[in-house]
Amino acid sequence: MPVNSSHYLFLSLLLFSIGIMGTLMRRNAIIIFMCIELMLNAVNLLLVSFSKQYGDADAQLFVFFIMVVAAAEVAVGLAIIVMMYRKVHSVDINILNRLKH
Amino acid sequence: MGSRPPDLAIRIFEQHMSQLVYLVPLFPLIGFLINGLLWNKMPKTLGGIIGSATILASFCVSLGIFFEVKSDAFHGPVIVTLFDFIQSGKISIPMAFQVDALSSLFLLIITGVGFLIHVYSTSYMHHDEGMVKYFAYLNLFVFSMLLLILGANYLVMFIGWEGVGLCSYLLIGFWFKNREYTNAAKKAFVMNRIGDLGFLIGMLLVLLNFGTLTYTDFFGQIAGGHAAPPSSIYTWITICFFIGATGKSAQIPLYTWLPDAMAGPTPVSALIHAATMVTAGIYMIARSNVLYSLSPFTLHIVAIIGLATAILAATIATVQYDIKKVLAYSTVSQLGFMFLALGVGAYTTAVFHVMTHAFFKALLFLGSGSVIHAMGGEQDIRKMGGLGKHMRITQATFFIGCLAISGIPGLSGFFSKDAILADAFAHDQVLYVLGVVAAMMTAFYMFRLYFLTFRGSFRGTEYQRHHLHESPAAMTIPLIVLAILSVVGGYVGVPEVLGGHNEIGKFLGSVVTNFGQHELEKNTEFMLMGISVGVSVLMIAVAYSVNRKPKFAESKGLAKVLENKWYVDELYEAAIVKPIEGLSRLLDRFVERMGIDGLVNGVGKTVRWGGDRLRLLQTGQVGFYIFVMVLGIVALFTLSFFWIK
């Protein structure tokens, strides 16, 4: 079976959906964080496959940007989670609701 | 050859005096600034000296200007432009002063009488802690009044016009701890504002129709007939100006502030509310004589209002018991006479009466101030009597003032009042008869005041009797000077029938052209003089016999109506003040509170209510936020999907 762009499309859709479902359903901050990364990479995959299909390198430029931004985001996000664990000894997002009161 | 150098120097100095006219208002302004800025640091005596000295300096410059204007070498008005005040498109209004016969005469009256009253004030106000502030206000007043007189266009006049109104307000309410006095000040200010609006509208009409406010331009245009607007515009402008004059010069219907203005210190009443400020309306109309002569209809109204005011105020004056109130109504009545003169087109006669009235009415007010001073603040003539024995100079000068205002031959009031009555006779006999009635009452109430105050036996308390004393020299000398002026002041306007040359009329003739004057026969004029002198003497006799043994019973009938000033204040209260108050309350309740407040508060309330509801969305659960975010993204995506299609 030849692999064409529709396969990539479905794969990225699948990855994205898994990301969304994980983000929505899990309470562990690290898992949610990983799911967000998954969504970003799903988009990256999509961009690269379209870039290949249309023979246009512009989309790949975006991919690099997203990777750089994602790396920065990981640094900040993990730092926040580490700080959070130090304060409350947990990474459950539902504990952090004190601003409501 | 021939002319000696000093002589030449004097001549050159005289010739160019009018170029220095800006000095005249500058001195009082400096005095105001010094006294006004340092009022709480300055010693009282120094404040008084500065205040008086600046006016004296102005008076000296005014004298120089007057003699230059009077000399034969003087031709036409001299206009001194200081700077451009408003320069916009075709409109050009400079800050400029105009020196001519009319303004130079008023300069002398204001600075001369003003100086005497300043000197008097140094003694009268000496016990008052706000004396320096008082002199600051007084100097500011003189400055504004001089602007009013000197302005070469209506705008400069208007600035002075507003300035004197402000100073009048400040000085009426000078003893501001007394609520009644501050109310009197407010009343004066509001009444004046009504008139000022008329003046302002008139000014804008002139600007709109003629494109200039400068006297020489404007009068040149309308006299030369270059501009030919519909003649009704003259009527409108003159009526608007006249409304302004009724406010400032206390004529019907805006006269009620002047009697209340007596709340201020007595020298203020003498300077502002008798000698100078209240004559501003007459000055304005005399200045605009070319304009008024084009509108006989307005002149008719001016004459009627003036006469009605003269009679109404005179009737009220006959029954008042407050020494200053009598003089205040007398002032209103005399101003009515001046407007009568203006109304019959005898502008120069009106100005003549302004001058003589300034002398004798300032004298009478200062005399009453001397009496009040001696009585320890008492103003009720029922509690006076027999004061003549204790204060000879005040009595004598007051007597001269009474004779002058009653029109006894030989004194200044005779010449000016008689000239007004003669002009009224020439215009319309009915005006004359009513004018004589008002003149009769003048003689009666003045001598009623004189007899009740200075003759008979003392009716005050024992304490006051011991306190009675003649005032110090700083107060009596101005009285004496003014008394002399009240006697001789009339000789500048002796009519030709009495062998005079009516010099003031000729002097003013270069600026002011009388309107529709008729020559009277010699015999008629003698007869008119005989009548007016006869009734005056008769009324003095009546006043003497009535007040020899004064009884102050509760008055009934007409006397009660008069004592309550024809209930005009009550009428205004019921007809104007109350309805406006009601309307304000209505507007307050429905427009202000329900409308505007409701709108403003409603916006706040709605936002708050909405915020209260939206707040519930913020649960604090991060999972929920993410869920809503995703929901939002999906919604946007769906929307854009269909949108693009």
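In every chain, residue numbers begin from 1 and rise along the written sequence. Chains carry letters and ligands carry numbers; both start at the beginning, A for chains and 1 for ligands, and go up in the order they are written. The predicted nature of this model means local features are confined to residues of pLDDT at least 70 and side-chain atom pairs, given and counted, to a pLDDT of 80 or more, with totals for whole chains, interfaces and linings taken over all residues.

## Concerning the overall build of chain B
The condition is simple: Per the convention used, a helix needs a DSSP run of H or I reaching at least four residues, while a strand needs a run of E reaching at least two, with both numbered from the N terminus. Buried, partly exposed and exposed are defined by the number of other C-beta atoms within 10 Å of a residue's own C-beta, namely 20 or more, between the two limits, and 12 or fewer respectively, with C-beta atoms placed from the backbone. By the convention adopted here, residues are in contact when the distance between their C-beta atoms, placed from the backbone, does not exceed 7 Å.
Of regular secondary structure, chain B possesses 26 helices and 2 strands. Seen along its three principal axes, the alpha-carbon backbone of chain B occupies a region of about 110 × 75 × 55 Å. Within chain B, the fraction of its 645 residues that count as buried is 49%. Taking the intrachain contacts of chain B between residues at least 6 apart in sequence as the baseline, contacts between residues at least 24 apart amount to 82%.

## Quick word on unusual backbone geometry
Residues and elements named next belong to chain B. The peptide bond linking Ile-252 to Pro-253 adopts the cis configuration, its omega dihedral lying at 5 degrees. Its place among the elements puts Pro-253 in the loop between helix 9 (232-248) and helix 10 (257-260). We note that Trp-566 has phi near 60 degrees; this positive angle belongs to a residue other than glycine. Position of Trp-566 relative to the elements: it lies in the loop between helix 24 (557-563) and helix 25 (568-615). The exposure class assigned to Trp-566 is partly exposed, which follows from the 14 C-beta atoms found within 10 Å. A positive phi angle, near 55 degrees, is found at Tyr-567, a position not held by glycine. Along the polypeptide, Tyr-567 turns up in the loop between helix 24 and helix 25. Taking the C-beta count within 10 Å as the criterion, Tyr-567 has 13 such neighbours and is therefore assigned partly exposed.

## Regarding the domain arrangement of chain B
Rule in force here: Segmentation into domains, and thus their bounds, comes from an automatic or database assignment.
Each domain of chain B was delimited in the assignment, giving domain 1 (324-357 + 372-553) and domain 2 (573-644). When each unit is reduced to the centre of its C-alpha atoms, the spacing between domain 1 of chain B and domain 2 of chain B is 71 Å.

## Section: the interface of chain B and chain A
To keep things clear, this is the line we draw: For this classification, Asp, Glu, Lys and Arg are treated as charged, while Ala, Val, Leu, Ile, Met, Phe, Trp, Tyr, Cys and Pro are nonpolar and the rest, including Gly, are polar.
With 9 residues of chain B in contact, the opposing surface of chain A contributes 10 residues. Split into classes, the residues belonging to the side of chain B that touches chain A amount to 4 nonpolar, 5 polar and no charged.

## Thoughts on helix 1 (residues 5-25) of chain A
Rules: In this scheme, a helix's expected span is set at 1.5 Å multiplied by one less than its residue total. In this description, the arc belongs to the directions extending from the helix axis to the C-beta atoms.
For helix 1 of chain A, spanning 21 residues, the distance from its first C-alpha to its last is 30 Å, which sits close to the expected 30 Å at 1.5 Å a residue. Along helix 1 of chain A, the residues classified as buried are Ser-12, Leu-15, Gly-19, Ile-20 and Thr-23 of chain A. Buried residues of helix 1 of chain A, seen end-on, are gathered within an arc of 135 degrees and therefore sit on one face of the element. Set apart from the buried face of helix 1 of chain A by more than 90 degrees, the exposed residues are Ser-6, His-7, Phe-10, Leu-14, Met-21 and Met-25 of chain A. Packed against the buried residues of helix 1 of chain A are helix 2 (29-54) of chain A together with helix 26 (622-644) of chain B.

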